[in-house]
Each structure stands twice: as C-alpha cells, then as structure tokens.
Amino acid sequence: EDQVTQSPEALRLQEGESSSLNCSYTVSGLRGLFWYRQDPGKGPEFLFTLYSAGEEKEKERLKATLTKKESFLHITAPKPEDSATYLCAVQVFQGAQKLVFGQGTRLTINP
Amino acid sequence: NAGVTQTPKFQVLKTGQSMTLQCAQDMNHNSMYWYRQDPGMGLRLIYYSASEGTTDKGEVPNGYNVSRLNKREFSLRLESAAPSQTSVYFCASGQAYEQYFGPGTRLTVT
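So, a few notes on the structure that sits alongside this text. (Residues numbered from 1 in each chain as written. Chains lettered and ligands numbered in written order. Predicted model: local features only at pLDDT ≥ 70, side-chain atom pairs only at ≥ 80, totals over all residues. Heavy atoms only, no water.)

With that settled, consider the overall build of chain A. Scanning chain A from terminus to terminus reveals zero helices and eleven strands. N-terminal to C-terminal, the α/β element order of chain A is β-β-β-β-β-β-β-β-β-β-β. Scaling as 2.2 N^0.38, a compact globule of 111 residues should have a C-alpha radius of gyration of about 13 Å, and chain A matches this with 14 Å. Considered along the principal axes of its C-alpha atoms, chain A spans approximately 45 × 30 × 20 Å. Counting all 111 residues of chain A, 46% fall into the buried class. Look at the contacts in chain A between residues 6 or more apart in sequence, and 54% of them connect residues 24 or more apart. On chain A, roughly 5400 Å² of surface is accessible, and the fraction owed to carbon and sulfur atoms is 46%. (Helix = DSSP H or I, 4+ residues; strand = E, 2+ residues; numbered from the N terminus. Rg over C-alpha atoms; globule rule 2.2 N^0.38 Å. Buried < 20%, exposed > 50% of the residue type's maximum accessible area, 1.4 Å probe, protein only. Contact = heavy atoms within 4.5 Å. Areas by Shrake-Rupley, 256 points an atom, 1.4 Å probe, with all protein chains shown as cover.)

Here it is, written out as structure tokens:
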C-alpha cells in the first residue's frame with residue numbers, strides 16, 4: 001500500500017531559525033513527489049514537484065530535496081509569513097495521475 | 001485566469017438532505033479530482049476523472065457520486081448527507097506533474 005509519513009506533526013521556530021521538514025514514503029511506482037503549502041481556511045498551494053533522487057528545487061527561503069525513500073523541505077532563515085501547514089504528496093499512476101498525501105507538518109514561526 | 005473555482009464556500013445540511021458541489025477549471029487540464037480533508041486524516045481522494053467522459057473511485061467513495069460535465073466542470077453529489085460527511089471538500093485539476101487545488105467547500109451535516 002502506498003504510504004506517506006511526515007514529521008514532525010508540528011514545529012515551532014523563532015524567526016531566522018533554520019530547520020527541515022521530513023517526508024518519507026513507500027510507493028509501488030513513484031512518478032513524482034509534490035510539496036504544497038496550506039494556509040488556514042484555504043486550499044493547498046503548489047510549491048514544488050521533484051521527479052528523481054538527487055533532485056533539488058528552491059523557492060525563496062524553501063529548498064526541497066529528494067532521495068529514494070524521503071524528501072526534505074529545508075527552511076532557511078524563516079519569517080513569520082512562512083507559518084503554514086506543509087503537505088507532502090507522492091504521485092502514482094493508477095489509471096490517472098493520483099496523489100497520496102501525508103498528514104502535513106504545521107509550522108509556526110515566532111517573531 | 002481563475003484557476004480552480006468551487007461553489008459554494010460554505011454549506012450546512014440536515015441529515016438526509018442532498019446537495020451538489022460544483023467545480024470548474026480554466027487551465028485546460030484533462031484530469032480532475034475531489035478530495036476531503038479531515039483533522040488528523042489528511043487529504044483523501046474521493047473520486048477522480050482522468051479525462052472528459054470518465055470517472056473512477058478513489059480511496060473514500062461511499063456516499064458520493066460525481067459527474068464530469070465537460071472538460072472544465074466536475075461536480076460531486078451527496079445524495080443523502082450523513083454527519084460523517086462533515087468535512088472540507090477540495091476540487092483539484094492537473095495533468096502530468098502538476099495538480100492545482102480550489103479554495104474548498106466547508107460542509108457541515110447536522
């Protein structure tokens with residue numbers, strides 16, 4: 001069964017304190033790994049897709065990396081506006097491109 | 001370019017009532033999806049449509065039906081709402097290595 005596990009469930013940091021979020025997965029046929037940001041009361045906002053082990057992508061203070069079993073979302077010198085829930089999902093192909101989501105990491109950045 | 005739009009934003013139903021959630025996308029995507037999001041459960045796929053004219057069950061399809069009206073529109077119907085269907089519902093569309101979400105419908109069944 002395809003599974004995605006994110007850790008930690010919640011993380012509280014001080015502004016400027018860098019850290020990483022983890023997403024580990026077991027899937028039968030990985031087509032891609034997605035990262036989303038979700039603010040309270042809103043839909044998930046697409047951040048990155050990673051396709052193969054060793055790939056890295058960056059956007060402002062965020063950098064996503066991928067290995068064969070897990071992905072990391074590194075947050076460098078975060079600001080309060082980076083506070084959100086970060087969702088990881090793996091894309092599998094079962095008749096259509098489908099996403100299997102982890103439960104998310106709730107990130108809070110204190111000023 | 002509105003992306004993915006959903007109506008309504010909020011809805012309260014009594015047990016046994018029916019309703020249809022509407023979704024439309026303007027990105028010319030072939031695939032569309034309906035998810036529900038519950039605390040502690042993450043996002044779970046209800047139904048999806050790989051292309052116009054096709055629909056298939058996801059992880060939690062019981063109690064729901066869908067219609068892919070055309071390439072742009074994909075609706076989700078609750079025929080007889082139950083309290084267990086209280087949730088936030090998200091529509092998404094995508095193709096290849098991208099999938100984009102709408103703003104969600106918050107549904108409460110009393």
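Before going further, it helps to examine the pairing of strand β4 (residues 31-38) of chain B. Residues and elements named next belong to chain B. Here β4 lies mainly inside the structure; eight of its eight residues are buried. Neither face of β4 is exposed, since S31, Y33, Y35 and Q37 on one face and M32, W34, R36 and D38 on the opposite face are all buried. Bridge count for β4 against strand β9 (residues 87-95) is seven bridges, and the pairing is antiparallel. The residue bridging S31 from the neighbouring strand is G94, located in β9. Two strands pair when backbone bridges link them, and β4 and strand β5 (residues 42-49) are joined in this way by seven bridges, in the antiparallel orientation. When the sheet's bridge partners are listed, W34 is paired in β5 with Y47. Between β4 and β5, which pair antiparallel one after the other, the connecting turn spans three residues, and G40 there sits at a positive phi close to 80°. (Pairing = 2+ DSSP bridges.)

Turning our attention to the interface of chain B and chain A. Tallying the contact residues gives 20 residues for chain B and 23 residues for chain A. Counting the surface lost from both chain B and chain A, the interface buries some 1600 Å², and carbon and sulfur atoms represent 56% of this. Here chain B is connected to chain A by zero salt bridges. (Buried area = accessible area lost by both parts, 1.4 Å probe. Salt bridge = Lys/Arg side-chain N within 4 Å of Asp/Glu carboxyl O.)

Sheet strands pair by backbone hydrogen bonding; their relative direction is either parallel or antiparallel. Residue and element names in this part refer to chain B. On the basis of which strands lie adjacent, the open sheet formed by four strands has the order β1-β3-β8-β7 and antiparallel pairing. Edge positions in the sheet fall to β1 (4-7) and β7 (64-68), since each of these pairs with one other strand and no more. Sheet twist, expressed as the average angle between the axes of neighbouring strands with direction ignored, equals 20°. Sheet topology note: the β7/strand β8 (residues 74-78) ladder contains five bridges and is antiparallel. For N65, the partnering residue across the bridge sits in β8 and is R77. (Axes fitted to C-alpha atoms, helices over the stretch in contact; angles between N-to-C directions.)

Residues and elements named next belong to chain B. Relative to the assigned elements, E59 resides in the loop between β6 (56-57) and β7. Residues E59 and L21 lie 38 residues apart in sequence; the distance between their C-alpha atoms is 19 Å. Apart from the residues within four sequence positions on either side, E59 is in contact with R44, L45 and I46.

In terms of burial, β5(B) is a largely internal element, eight of the eight residues being buried. Here β5(B) folds back onto β6(B), and the loop between the two strands holds six residues, one of which, G53(B), carries a positive phi near 95°.

Attention now moves to the nonpolar core. For soluble globular proteins, the rule of thumb is that nonpolar side chains tend to be buried together. With 22 residues, the main nonpolar core has L33(A), W35(A), L73(A) and Y86(A) as its most contacted residues. Looking at this core, the elements that each hand over two or more residues are β2 (10-14), β3 (19-26), β4 (30-38), β5 (45-50), β7 (62-66), β8 (70-75), β9 (84-93) and β11 (105-110) of chain A. Take this core: its biggest share by element is four residues, from β9(A). Leave out the neighbours within four places in its chain, and Y86(A) touches Q6(A), L21(A), W35(A), Y36(A), R37(A), L47(A), L62(A), L73(A), G104(A), T105(A) and L107(A). Membership of the second largest hydrophobic core comes to 20 residues, among which are V4(B), L13(B), L21(B) and C23(B). (Core = buried A, V, L, I, M, F, W, Y, C linked by side-chain atoms within 4.5 Å.)

This part covers the environment of A77(A). Residue and element names in this part refer to chain A. Along the chain, the position of A77 falls in the loop between β8 and β9. In sequence terms A77 and S7 are 70 residues apart; their C-alpha atoms lie 20 Å from each other. In this structure A77 touches G16, S18 and R61, once residues within four positions along its chain are discounted.

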